[in-house]
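Here's the letter readout for the chains.
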Amino acid sequence: FFFNDTATTEIYTQAFVGSVRCVQETGINAEYMGIQEILMEADPVKTHYSAIAVKGTDQLYSHSVALAAGYTEEELAQIPPEASLGLGCGNSVAAANIKEGEYVLDLGCGAGMDLFLSSIRVGPKGKACGVDYSEDMIKRGTELAKKYKRDNVEFHYCPIDAMTFPDETFDVVISNCVLNLVQDKNKAFKEIFRVLKKTGRFVVSDIVLKMPLPLKLQKDIGSISACIGRAVVEANYKKGLETAGFHNVTIEDKKKDLMSMYTDKESAENTAPCCGGMKKESTCCGGAKKEMPCCGGEKKEMPCCGGEKKEGTGWCCGSGASPFDMSIFKGVNINDYAMSCIIKATKSQFSQHLEPVSYTHL
């Protein structure tokens, strides 16, 4: 196997050789050890995200990233806190105008942050389904759906470019900063087109390049895992969707600062609206809001800040540490090369994108 970088080539080749040896020594039927499954298990990007699913992420960092990506405090209050892992670059749920009764598919759903938001919007007559190629993410999300009794949420273990759903199943496909990770994007776009209903729509948040990346950023596993290394330029993204059959393709730069979204403690402390640092005076620290379950006062014992519960799960506890190794970007301004975009398309030439509606009253 040969890839752009030596490390990936070595990992994939060793996985293949090891699997063949296992077949030879144990007598396992080779047809049960398909090349695709072997490569899925060997993917270092999958390994990275699986580790995040098992360990979770720092809650201060996760909350800061979610706010920077475009989620509101009201939206974040609607989801299990354990589902927010600080992995997105936008808010496709807000842009998709999801309606009651619709079937929604979330590509690379992770622990289900967008699925849980979508489940509220589709109601009991609809369904929010997610796919992910990390079994650990699927396990985490499934457990959360059961814990929080979200009966209209489903998690499915499968790759985006080989999904197990019947043709024309979903009304809308969403995704948050995942399609950039897919190696064969043209195959994925065709598969997405297949599972959408004739009147279906595609509304995703993703990283899109303004210009080709330096070779070192294309090759580096850290850069790829951070949703930069495998991203493509705008013209190729649009061409890929149109070649797959999509119409009305639009790519909107949301003008987000990717540097602040990917950095760790210092950025998180300066942007999260709670607990210490520059934002001490904001919505849940000090002043009239002092009594909220985040900082000080009689609520100090709550699982968010200070006191004996400092180690709890509240989003403003923790160091603000990022799960990404950003050393490869030293001396590089990511904003010069990449942008966080909302990409929209329709399956039918005559379909239209609907304006988003507010769900802040829920």
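For clarity, every value in this text was computed on a predicted model and none was experimentally measured.

> Looking at this structure, how should I read the environment of Glu252?
Looking at where Glu252 falls in the secondary structure, it is placed in strand β6 (residues 247-253). For Glu252, a relative accessible area of 41% translates into the label partly exposed. Sequence-wise, Glu252 and Ser340 are 88 residues apart; in three dimensions their C-alpha atoms are separated by 8.4 Å. Apart from the residues within four sequence positions on either side, Glu252 is in contact with Ser340, Cys341 and Ile342.

> Mind showing me how you'd approach the packing of helix α9 (residues 185-195) against helix α12 (residues 234-244) here?
Helix packing for two helices is described by the angle between their axes and how far apart those axes are. In the contact formed by α9 and α12, the axes pass within 8 Å of each other and the chain directions differ by 45°. As far as their axial angle goes, α12 and α9 are oblique. At the point where α9 passes α12, the crossing takes the right-handed sense. Every residue of α12 that contacts α9 at Asn186, Phe189, Lys190 and Phe193 is listed here: Tyr237, Gly240, Leu241 and Ala244.

> Which parts of the structure should I look at to understand the nonpolar core?
Side chains of a nonpolar character, in soluble globular proteins, are inclined to be buried together. Phe116, Phe155 and Ile207 are the most contacted members of the largest nonpolar core, which totals 54 residues. The leading source of residues in this core is helix α7 (residues 113-122), at five residues.

> I'm lost on α9 in this one. Help?
Helical periodicity: at 3.6 residues per turn, an α-helix aligns residues three or four positions apart in one direction. If you check which residues of α9 are buried, you get Lys185, Ala188, Phe189, Glu191, Ile192 and Val195. For α9, the angular spread of the buried residues around the axis is 165°, confining them to a single face. Elements that come into contact with the buried residues of α9 comprise β1 (103-107), β4 (170-176), β5 (196-209) and α12.

> So what exactly am I meant to see when it comes to the pattern of salt bridges here?
Charged atoms that come close allow side chains of opposite charge to pair. Per the stated rule, a full pass over the model turns up eleven salt bridges. The shortest N-O distance in the salt bridge between Glu102 and Lys99 comes to 3.1 Å. Under the relative-accessibility criterion, Lys99 is labelled partly exposed at 33%. A cluster of three or more residues bridged by salt bridges with shared partners is formed by Lys99, Glu102 and Arg201.

Definitions and limits used
Residues numbered from 1 in each chain as written. Predicted model: local features only at pLDDT ≥ 70, side-chain atom pairs only at ≥ 80, totals over all residues. Heavy atoms only, no water. Helix = DSSP H or I, 4+ residues; strand = E, 2+ residues; numbered from the N terminus. Buried < 20%, exposed > 50% of the residue type's maximum accessible area, 1.4 Å probe, protein only. Contact = heavy atoms within 4.5 Å. Axes fitted to C-alpha atoms, helices over the stretch in contact; angles between N-to-C directions. Parallel < 35°, antiparallel > 145°, perpendicular 65-115°, else oblique. Left-handed = near helix turned anticlockwise from the far one by under 90°. Core = buried A, V, L, I, M, F, W, Y, C linked by side-chain atoms within 4.5 Å. Arc of directions from axis to C-beta. Salt bridge = Lys/Arg side-chain N within 4 Å of Asp/Glu carboxyl O.

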